[in-house]
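# Geometric and topological summary
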Amino acid sequence: QVQLVESGGGLVQPGGSLKLSCEPSGDISSILLMGWYRRAQGKQRELVATVASSGVTSYADSAKGRFTISRDNAKNTLTLQMNSLKPEDTAVYYCYALSWPQTNYWGQGTQVTVSS
């Protein structure tokens, strides 16, 4: 079992920055990949970015060049640095973990609102 707790959401003006954090606990050694998804109101959940245990990262086109995902293995913390935020980035952001052999885990979500 893996538990995920997000933090760092909030209200920011367009063009601003926010940093989301996710702290996993439980069977951390079983985690193969971690990432961030988001769900905007009235829309389906979509992938934002992922980072594998190897360190390889992947981004949605909407996040490329603006967001940076990283994982601090020493602190067991996943972060998402979001810069140049746009109103369309407004959503609930969810931390995600894929653990061996193939179990998905989700955090409770944190609200990000980009508005002037």
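Note that the structure is predicted; figures quoted are calculated from it, not measured.

Criteria and cut-off values
- Residues numbered from 1 in each chain as written.
- Predicted model: local features only at pLDDT ≥ 70, side-chain atom pairs only at ≥ 80, totals over all residues.
- Heavy atoms only, no water.
- Disulfide = S-S within 2.5 Å.
- Helix = DSSP H or I, 4+ residues; strand = E, 2+ residues; numbered from the N terminus.
- Buried < 20%, exposed > 50% of the residue type's maximum accessible area, 1.4 Å probe, protein only.
- Core = buried A, V, L, I, M, F, W, Y, C linked by side-chain atoms within 4.5 Å.
- Phe/Tyr/Trp six-rings, centres within 6.5 Å; stacked < 30°, edge-to-face > 60°.

### Re the state of the cysteines
Within this structure, the stated rule accounts for one disulfide. Each sulfur of the disulfide joining Cys 22 and Cys 95 lies 2.0 Å from the other. Around the S-S axis, the bridge from Cys 22 to Cys 95 shows a dihedral of about -80° and counts as left-handed. In this pair, Cys 22 sits in strand β3 (residues 18–26) while Cys 95 sits in strand β9 (residues 91–99), placing the two residues 73 residues apart along the sequence. Accessibility classification places Cys 22 together with Cys 95 in one group, the buried group.

### Points about the nonpolar core
Judged by nonpolar contacts, the single largest core of 28 residues is most densely connected at Trp 36, Leu 80, Met 82 and Tyr 93. Secondary-structure elements contributing two or more residues to this core are β1 (2–7), β3, β4 (31–39), β5 (46–52), β7 (67–72), β8 (77–82), β9 and β11 (110–114). Top element by residues in this core is β9. It accounts for four residues.

### Some details on the packing of aromatic side chains
A full pass over the atoms with the stated rule returns three aromatic pairs. Relative to Tyr 96, the ring of Tyr 37 lies with its centre 5.4 Å away and its plane at 70°, an arrangement referred to as edge-to-face. With a gap of 59 residues between them, Tyr 37 in strand β4 and Tyr 96 in strand β9 connect regions that are remote in the sequence. For the pair shown, Tyr 37 and Tyr 96 are each scored as buried. Both rings, one in Tyr 37 and one in Trp 106, keep their centres 5.1 Å apart while their planes meet at 70°; by these two values the pair is edge-to-face.

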